[in-house]
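Structural overview
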Amino acid sequence: MSCTRPPSPPRNVIFNINESSLFLEWSPPSDMGGRKDLTYNVMCKKCGAEPRDCELCGEGMRFIPRHVGLTNSSVTVLDFVAHANYTFEIESLNAVSEFSSFPRPVTAITITTDQAGPSLIGMVRKDWASQNSIALSWQEHEQPSPAILDYEIKYYEKEHEELSYSSTRSKAASVIITGLKPTTKYVFHIRARSAAGYSSYSPRYEYETSDETSDMAADQGQVLVIATAAVGGFALLVILTLFFLITGRCQWYIKAKMKSEEKRRTHFQNGHIRFPGIKTYVDPDTYEDPTQAVHEFAKEIDPSTIRIERVIGAGEFGEVCSGRLKSPGKREIPVAIKTLKGGYVDRQRRDFLREASIMGQFDHPNIIRLEGVVTKSRPVMIVVEYMENGSLDTFLRKHDGHFTVIQLVGMLRGIASGMKYLSDMGYVHRDLAARNILVNSNLVCKVSDFGLSRVLEDDPEAAYTTSGGKIPIRWTAPEAIAYRKFSSASDIWSYGIVMWEVMSYGERPYWEMSNQDVILSIEEGYRLPAPMGCPMTLHQLMLQCWQKERSHRPTFTELVSFLDKLIRNPSSLQTLVEDVQGFPESPGDVPEYPLFISIGDWLDSIKMSQYKNNFMASGFTTLDCVSRMSIDDVRRIGVTLIGHQRRIVSSIQTLRLQMMHLQENGFHV
Ligand code: ACK
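Figured I'd write up the structure that's included with this text. All values derive from a computational prediction rather than experimental measurement. (Residues numbered from 1 in each chain as written. Predicted model: local features only at pLDDT ≥ 70, side-chain atom pairs only at ≥ 80, totals over all residues. Heavy atoms only, no water.)

**Observations concerning the packing of aromatic side chains**
In the structure shown here, the tally under the stated rule is 18 aromatic pairs. Clustering of aromatic rings is evident, with ring pairs tying together Tyr 281, Phe 362, Tyr 421, Tyr 427 and Phe 450. (Phe/Tyr/Trp six-rings, centres within 6.5 Å; stacked < 30°, edge-to-face > 60°.)

**Quick word on the nonpolar core**
With 77 residues, the main nonpolar core has Phe 362, Leu 392, Ile 415 and Tyr 495 as its most contacted residues. When neighbours within four sequence positions are excluded, Leu 392 is seen to be in contact with Met 411, Ile 415, Ala 434, Ile 437, Val 439, Cys 445 and Val 502. (Core = buried A, V, L, I, M, F, W, Y, C linked by side-chain atoms within 4.5 Å. Buried < 20%, exposed > 50% of the residue type's maximum accessible area, 1.4 Å probe, protein only. Contact = heavy atoms within 4.5 Å.)

**Considerations on the environment of Val 320**
With respect to the secondary-structure elements, Val 320 resides in strand β20 (residues 319-325). Sequence separation of Val 320 and Leu 340 is 20 residues, and the distance between their C-alpha atoms is 9.2 Å. Among residues more than four places away in sequence, those in contact with Val 320 are Arg 310, Val 311, Ile 312, Gly 313, Ala 314, Gly 315, Ile 337 and Lys 338. (Helix = DSSP H or I, 4+ residues; strand = E, 2+ residues; numbered from the N terminus.)

**Digging into the pattern of salt bridges**
For the coordinates displayed, the defined rule picks out 31 salt bridges. The shortest N-O distance in the salt bridge between Glu 332 and Arg 307 comes to 3.3 Å. Highlighted residues: Glu 332 in the loop between β20 and β21 (333-339) and Arg 307 in strand β19 (residues 306-314), separated in sequence by 25 residues. Exposure remark for Arg 307: the relative accessible area of 44% places this residue in the partly exposed category. (Salt bridge = Lys/Arg side-chain N within 4 Å of Asp/Glu carboxyl O.)

**Topic: the site of the ligand**
Taken together, 13 residues surround the ligand, and among them Ala 336, Glu 385, Met 387, Ser 391 and Thr 394 come closest. Ser 391 places a side-chain nitrogen or oxygen 2.5 Å from an oxygen atom of the ligand. Calculation on the ligand without its partners gives an accessible area of 460 Å², and the protein chains cover 79% of this total. Mapped by element, the contributors of at least two residues to the shell around the ligand are β19 and β23 (381-385). Per-element accounting of the shell around the ligand gives the leading share, three residues, to β19. Here the shell around the ligand is composed, by residue class, of eight nonpolar, four polar and one charged. (Near = heavy atom within 4 Å. Polar contact = N/O pair within 3.5 Å; in protein donor to acceptor, adjacent residues only side chain to side chain. Areas by Shrake-Rupley, 256 points an atom, 1.4 Å probe, with all protein chains shown as cover. Nonpolar A, V, L, I, M, F, W, Y, C, P; charged D, E, K, R; others polar.)

**Side note on the state of the cysteines**
Here, the word disulfide means a covalent bond between the sulfur atoms of two cysteines. The tally for this structure, following the rule as stated, stands at two disulfides. Between the sulfur of Cys 47 and that of Cys 54 lies a disulfide, 2.1 Å long from S to S. Across the S-S bond of Cys 47 and Cys 54 the torsion is about 105°, and the bridge reads as right-handed. Classification of Cys 47 by relative accessible area gives buried; the value is 15%. A relative accessible area of 31% places Cys 54 in the partly exposed class. (Disulfide = S-S within 2.5 Å.)

Okay, structure coming up:
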């Protein structure tokens, strides 16, 4: 084998900067050194006026995903200071770099963070809005130190945040933006340009275009014409009404009018075109007044018909209780009552009721049913159907090993069916996890906990993302973590994690790995191994849900029909991952797990390195030996904790598949 070399330095470093983040990207080295194990390190120095006045950037600066061992040729830098010179040195490395006696070649780039100056823009006001335009104005800075040449206005649809944006310029401190969509929320940022460059952007301002009806009112130029026409029209109306009343034709007219109004309403509701037969979800945030959304989708319940019995848990906004609801003319039913604790601010009330506005639009056996809301008296409450067995994760943990595979698949089928319904309605859940699924006494699972688009301040599962929001990392697809691309395909990823939680009876996904480690491992191709006793087909299905490329993941429709077939043909569930003798799938179907070269390496990856000596002392010194171990062997070498046994056995199964795959492809292991 010929010798290999360290790689040459990276090339063509480019950057993109805004007030809060700096994105660096480069091309791979021209010479890879004859190897494939290329990584990059990024070093940062903050420099003063003199090139010699440099110091290393402190801990305060953040690099996403990290600053050393990067496998992709880009990095995002956060928390830098304004008006500073930063020099970033990017080096490429491979496994032989450390043996080289030459200084490591680096590529450097110096960036001045001038962009982050003061905004120079006062409060931005909406002067008027029509169906397709919005007029904005803002205060000029009192004494603009450098004279302002013009303003740049950046805007985008709120729903498609940051995916694409438009911009326009204005010399004056006002602008009319045209070509917008009706009844759509837009986000605006404005910055000033002077001879010294750009100021930083103003804070975001959100304004909405109007719908057809208010458009008329806003068009002030036409008011006079309308007024004149109205007077004439009114006179004509009086004459016609008298005529119809006299001739008895009025009733016919009123009926026809009501019919056409009803038709109009079903087709066009709050700016959302609705086609008869296909129901679509309406985002309550598109209502200017959120109370109106609640009243449109949820029934107001008279609190005297609710009997609260006991507290069953703590929700995000207050206690969750069980009780009874006796609506007039209906039989009494058990209900769960979510309450909004006293001392709330308006925003909390709105966020709390948002869930009801969402839930009230759904009607499906696998979606929690909303009975109604209490908004006109205190406490504010959301009343939903009662689910005797509480949330799925706690339920499974309590009944570890109690169900047949078919029962578990039945639960999964129910969840997939509820999710298919949501996805058909155009609703993206964003927070699907076993803790957000409830189980009733018939083991029917129903999707619950809607409305995660706000920041959940105290959710222990949520972690900050680069864009400032909080996301439950372990359940979330990589593209949703990286750039908030939430879609039914990202819900599919979360569904795969729920499958894993169900098949492992409520085990915590990725165990106690940190959120950051989860993100990195996923990026490197690691996927959760099959839980103990999990049919091979189901693990394969999970792996499909965790395809990096979201268009390669199955849809909920496909999942439901696949699970249906499994239930009809249970023999396909008999092959457990631990029993696999051959590997029927084509090599392309094998997920690319990282290959481990030593036992220590492998145990580290599953955070079980404390057992390294147990393996070694018992003669399990190669990965090949380990891949043949049974659960009894694992117990025998001294792994006594059930959770640890499970984790090790699960990983051994994956290791076994990997070994077989390699052997089949002619590798010696
Ligand atoms: O795991 P749990 O017993 O089930 O604890 C949580 C708690 O309230 C906070 O969400 C329980 N819970 C929520 N909604 C319902 C419901 N509709 N029926 C029964 N329990 C519920 C949940």
